[in-house]
Amino acid sequence: EDKRAEVPATIEGLLTGIDLVGGGYGDAIAILRAAKSNNQITCGLALDPLPESQRTYYRDEKKEGSDPAGLPPQDIQPPQPKEEKRSWLPPFLRSKPS
């Protein structure tokens, strides 16, 4: 049985409609690819694109210490919780500091 849904004529509406009739991720991708190849979508469409490097790094071999891997290890300790004095006496029986 065919299912129908009325949605706005937008990409968001298309994806909502696919969900309303029980479609999934694969259906959405297939429909978007078909729409793009038939020039029904005029904007850019990127599905799972790989990031492109926008920077180029050059390692200067003359500078010492520029490579963090070449530095000696540091002894980093997590902060220790402060010890609080605890008393088994209720607050009204504890002696107050003078």
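Residues numbered from 1 in each chain as written. Predicted model: local features only at pLDDT ≥ 70, side-chain atom pairs only at ≥ 80, totals over all residues. Heavy atoms only, no water.

Q: Just give me the short version of the overall build of the chain, but keep the residues and values in it.
A: For the chain, the count of helices and strands is two helices and zero strands. In the chain, buried positions account for 8% of the 98 residues. At a minimum sequence separation of 6, the contacts of the chain that also span at least 24 residues come to 3%. Carbon and sulfur atoms make up 52% of the accessible area of the chain, which amounts to about 10200 Å² in all. (Helix = DSSP H or I, 4+ residues; strand = E, 2+ residues; numbered from the N terminus. Buried < 20%, exposed > 50% of the residue type's maximum accessible area, 1.4 Å probe, protein only. Contact = heavy atoms within 4.5 Å. Areas by Shrake-Rupley, 256 points an atom, 1.4 Å probe, with all protein chains shown as cover.)

Q: An account of unusual backbone geometry is requested, with residue identities and associated values reported.
A: A positive phi angle, near 60°, is found at Asn-39, a position not held by glycine. For Asn-39, the location among the structural elements is in the segment after helix H2 (25-37). According to the relative accessible area criterion, Asn-39 is exposed, its value standing at 62%.

Q: Explain helix H1 (residues 11-20) residue by residue, including any values.
A: Every buried residue of H1 is accounted for by Gly-13, Gly-17 and Ile-18. Across the axial projection of H1, the buried residues extend over an arc of 140°, all falling on one side. Residues of H1 that are exposed and point more than 90 degrees away from the buried face comprise Glu-12 and Asp-19. Residues of H1 that are buried make contact with H2. Just downstream of H1, Gly-22 is the residue with a positive phi angle, here 95°. (Arc of directions from axis to C-beta.)

Q: Got a sec to walk through the packing of H1 against H2? Specific residues and values, please.
A: Where H1 contacts H2, the axes come no closer than 10 Å and their chain directions differ by 140°. The pairing of H1 with H2 is recorded here as oblique in orientation. Seen along the crossing, H1 lies across H2 with a hand that is right-handed. On H2, the residues that touch Ile-11, Leu-14, Leu-15 and Ile-18 of H1 are Asp-27, Ala-28, Ile-31 and Leu-32. Classifying every residue of the contact of H1 with H2 gives seven nonpolar, no polar and one charged. (Axes fitted to C-alpha atoms, helices over the stretch in contact; angles between N-to-C directions. Parallel < 35°, antiparallel > 145°, perpendicular 65-115°, else oblique. Left-handed = near helix turned anticlockwise from the far one by under 90°. Nonpolar A, V, L, I, M, F, W, Y, C, P; charged D, E, K, R; others polar.)

Q: Can you lay out H2 for me, pointing to particular residues and giving the numbers?
A: Helical geometry: 3.6 residues make up each α-helical turn, so side chains three or four residues apart lie on a common side. Compared with the 18 Å implied by 1.5 Å per residue over 13 residues, the 18 Å span of H2 between its first and last C-alpha is a close match. Packing partners of the buried residues in H2 comprise H1. Following H2 by one or two positions, Asn-39 has its phi on the positive side, about 60°. (Expected span 1.5 Å × (residues − 1).)

Q: Residue-level account of the environment of Tyr-25, with values.
A: Of note, Tyr-25 is situated in helix H2. Classification of Tyr-25 by relative accessible area gives exposed; the value is 59%. As a C-alpha pair, Tyr-25 and Leu-15 span ten residues in sequence and 9.3 Å in three-dimensional space.

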